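Here is how the chains run, residue by residue.
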Amino acid sequence: MLKSMTGYGRREEIADGKKILCEIKSVNHRYTDYNIKVPRHYGFLEEKIRNLVSEYIKRGKIDIYVSIENFSEADKDITVNLELAKSYYNALKELSQELDLKDDISAVGLSKYPDIFSLKQKEEDEESVFETLKKVLVPTLESFVAMREREGARIEKDLKDRVLYMRTLAKKIEERSPETVREYRNRLYEKIKELLEDRDVDEARVLTEVAVFADKVAVNEELVRLNSHFEEFFKIIEAPEPAGRKLDFLIQEINREINTTGSKAVDLEIAKTVVELKAETEKLREQIQNIE
């Protein structure tokens with residue numbers, strides 16, 4: 001099944017005391033390009049996310065955004081700056097003595113001064129955090145891939161229809177090609193008769209000229225290779241692995257055979273059919289750029 005390189009997935013859940021948001025979007029790209037954004041203190045997740053995403057996505061420019069908010073207070077540590085607290089205490093005691101004030105210094109009173117207490121994030125276990133993230137990231141990836149597959153199915157149908165139509169065009173050239181030789185022989189024979197008037201026509205010379213012409217305009221080999229490429233096209237589409245790069249190469253080979261056929265065309269009908277084949281090839285090329 002073909003997959004489009006364009007896709008989008010988003011999911012937000014609360015898991016293990018964390019509010020997690022995952023968003024994935026992708027567009028066409030010749031290779032695989034990941035752009036991963038995570039909160040600064042969760043930078044250790046980037047490589048783990050990249051490895052997981054690579055199991056689901058093989059090609060495209062992929063933007064991944066992850067937001068993690070902690071709802072639980074259990075993941076925070078409160079620390080006391082004892083040296084600073086002592087300095088505040090000594091300063092207040094000195095002030096009380098100098099101004100003959102009531103000495104009512106207390107711990108609660110000291111806690112109101114800046115920087116006595118500080119709240120710090122506890123060190124988190126990397127594997128545990130990643131396992132929690134996976135509970136949201138994996139379903140996001142699954143919905144993202146499903147969207148790519150739906151779009152890929154539409155592209156696949158279009159590609160198959162076009163290749164089948166191109167087959168009929170190639171068949172048209174195959175059937176028309178011998179006619180061009182016969183028509184050339186008849187025109188040549190009549191022309192020579194006209195020039196020689198009542199004299200006999202050299203049949204051997206006519207046959208030689210016709211044979212040279214037939215060899216010059218023969219496209220049998222090109223058509224055989226072209227039909228072989230069409231067969232390979234369907235095989236690649238039906239294969240389970242990503243097909244974009246293979247199809248991109250194959251379309252170049254198809255285009256080469258069509259161009260060679262066109263260069264040999266001396267018949268107006270064949271030339272028109274070749275132009276139509278080229279137009280369909282360009283449409284194929286455009287669609288293939290969307291395939292993973």
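Here's a quick rundown of the structure. (Residues numbered from 1 in each chain as written. Predicted model: local features only at pLDDT ≥ 70, side-chain atom pairs only at ≥ 80, totals over all residues. Heavy atoms only, no water.)

## Observations regarding the overall build of the protein
Now for step 1: Along the protein, the regular secondary structure elements total 8 helices and 6 strands.
Now for step 2: Counting all 292 residues of the protein, 34% fall into the buried class.
Now for step 3: Of all intrachain contacts in the protein linking residues separated by at least 6 positions in sequence, the fraction that spans at least 24 positions is 79%.
Now for step 4: Accessible surface for the protein amounts to roughly 17800 Å². Of this, 50% is attributable to carbon and sulfur atoms. (Helix = DSSP H or I, 4+ residues; strand = E, 2+ residues; numbered from the N terminus. Buried < 20%, exposed > 50% of the residue type's maximum accessible area, 1.4 Å probe, protein only. Contact = heavy atoms within 4.5 Å. Areas by Shrake-Rupley, 256 points an atom, 1.4 Å probe, with all protein chains shown as cover.)

## Overview of the nonpolar core
Now for step 1: Among the nonpolar cores identified, the biggest contains 27 residues, and Leu-159, Phe-233, Leu-247 and Ile-254 are the most heavily contacted of them.
Now for step 2: Excluding anything up to four places from it in sequence, Leu-159 contacts Leu-2, Phe-233, Ile-237, Leu-284, Gln-287, Ile-288 and Ile-291.
Now for step 3: Counting 25 residues, the second-largest nonpolar core is a separate cluster that includes Ile-20, Tyr-34, Leu-52 and Val-129. (Core = buried A, V, L, I, M, F, W, Y, C linked by side-chain atoms within 4.5 Å.)

## Quick look at the packing of helix α7 (residues 244-264) against helix α8 (residues 268-288)
Now for step 1: Where α7 contacts α8, the two axes come as close as 10 Å, and the packing angle between them is 165°. Comparing their axes, α8 and α7 come out roughly antiparallel. In this structure, the crossing between α7 and α8 has a hand that is left-handed. In this structure, α7 contributes Gly-244, Leu-247, Asp-248, Ile-251, Gln-252, Ile-254, Asn-255, Ile-258, Asn-259, Thr-261 and Gly-262 to the contact, and α8 contributes Val-274, Leu-277, Lys-278, Thr-281, Leu-284, Arg-285 and Ile-288.
Now for step 2: Among the residues forming the contact of α7 with α8, the class breakdown is 8 nonpolar, 7 polar and 3 charged. (Axes fitted to C-alpha atoms, helices over the stretch in contact; angles between N-to-C directions. Parallel < 35°, antiparallel > 145°, perpendicular 65-115°, else oblique. Left-handed = near helix turned anticlockwise from the far one by under 90°. Nonpolar A, V, L, I, M, F, W, Y, C, P; charged D, E, K, R; others polar.)

## Describing a nonpolar patch on the surface
Now for step 1: On the surface, Ile-78, Val-80, Leu-82 and Phe-117 cluster together into a nonpolar patch covering about 420 Å² of accessible area.
Now for step 2: Locating Leu-82 in the fold gives a position in helix α2 (residues 82-98). (Patch = residues over 30% accessible without salt bridge, like charges linked within 9 Å, V, L, I, M, F, W, Y side chains within 5 Å. Salt bridge = Lys/Arg side-chain N within 4 Å of Asp/Glu carboxyl O.)

## Section: the pairing of strand β2 (residues 18-27)
Now for step 1: Relative to β2, strand β1 (residues 7-15) runs antiparallel, the two sharing 9 bridges. For Tyr-8, the partnering residue across the bridge sits in β2 and is Lys-25.
Now for step 2: The loop that links β1 with its antiparallel partner β2 comprises 2 residues; one of these, Asp-16, has a positive phi angle of about 50°. (Pairing = 2+ DSSP bridges.)

## Things to note about α7
Now for step 1: Between the first and last C-alpha of α7 there are 31 Å, a value that for 21 residues agrees with the 30 Å anticipated at 1.5 Å per step.
Now for step 2: Of the residues making up α7, those classed as buried are Gly-244, Leu-247, Leu-250, Ile-251, Glu-253, Ile-254, Asn-255, Glu-257, Ile-258 and Thr-261. (Expected span 1.5 Å × (residues − 1).)

## Notes on the packing of helix α6 (residues 220-238) against α7
Now for step 1: Between α6 and α7, whose axes approach to 10 Å, the crossing angle comes to 160°. Judged on the interaxial angle alone, α7 and α6 are roughly antiparallel. In the crossing of α6 with α7, the sense of the turn from one axis to the other is left-handed. Contacts from Glu-222, Arg-225, Leu-226, His-229, Phe-230, Glu-232, Phe-233, Ile-236 and Ile-237 of α6 reach α7 at Lys-246, Leu-247, Leu-250, Glu-253, Ile-254, Glu-257, Ile-258, Thr-260, Thr-261 and Lys-264.
Now for step 2: Considering only residue class, the contact of α6 with α7 consists of 9 nonpolar, 3 polar and 7 charged.

## A short note on the packing of aromatic side chains
Now for step 1: Taken as a whole, this structure holds 1 aromatic pair when the rule is applied.
Now for step 2: The ring centre of Phe-130 lies 5.9 Å from the NZ or CZ of Lys-48, which sits over that ring. (Phe/Tyr/Trp six-rings, centres within 6.5 Å; stacked < 30°, edge-to-face > 60°. Lys NZ or Arg CZ within 6 Å of the ring centre and 35° of its normal.)

## Quick look at the pattern of salt bridges
Now for step 1: In this structure the tally under the stated criterion is 21 salt bridges.
Now for step 2: For Lys-19, the salt bridge is made with Glu-12, and the minimal N-O distance between the two is 3.3 Å.
Now for step 3: Here Glu-280 ties to Lys-283 by a salt bridge, and the two come within 3.7 Å at their closest N and O atoms. With a gap of 3 residues between them, Glu-280 and Lys-283 both fall in helix α8, about one helical turn apart.
Now for step 4: Under the relative-accessibility criterion, Lys-283 is labelled partly exposed at 36%.
Now for step 5: Taken together, the salt bridges that share partners define one network made up of Asp-158, Arg-162, Glu-280 and Lys-283.

## Looking at the pairing of strand β3 (residues 32-37)
Now for step 1: Relative to strand β4 (residues 60-70), β3 is paired through 6 bridges, and the arrangement is parallel. Bridge pairing in β4 links Ile-36 to Ile-64.

## Some remarks on the side chain of Ser-67
Now for step 1: With respect to the helices, strands and loops of the structure, Ser-67 is situated in strand β4.
Now for step 2: By relative accessible area, Ser-67 is classed as buried at 15%.
Now for step 3: Sequence-distant contacts of Ser-67, defined by excluding residues within four places in its chain, comprise Lys-19, Ile-20, Leu-21 and Pro-39.

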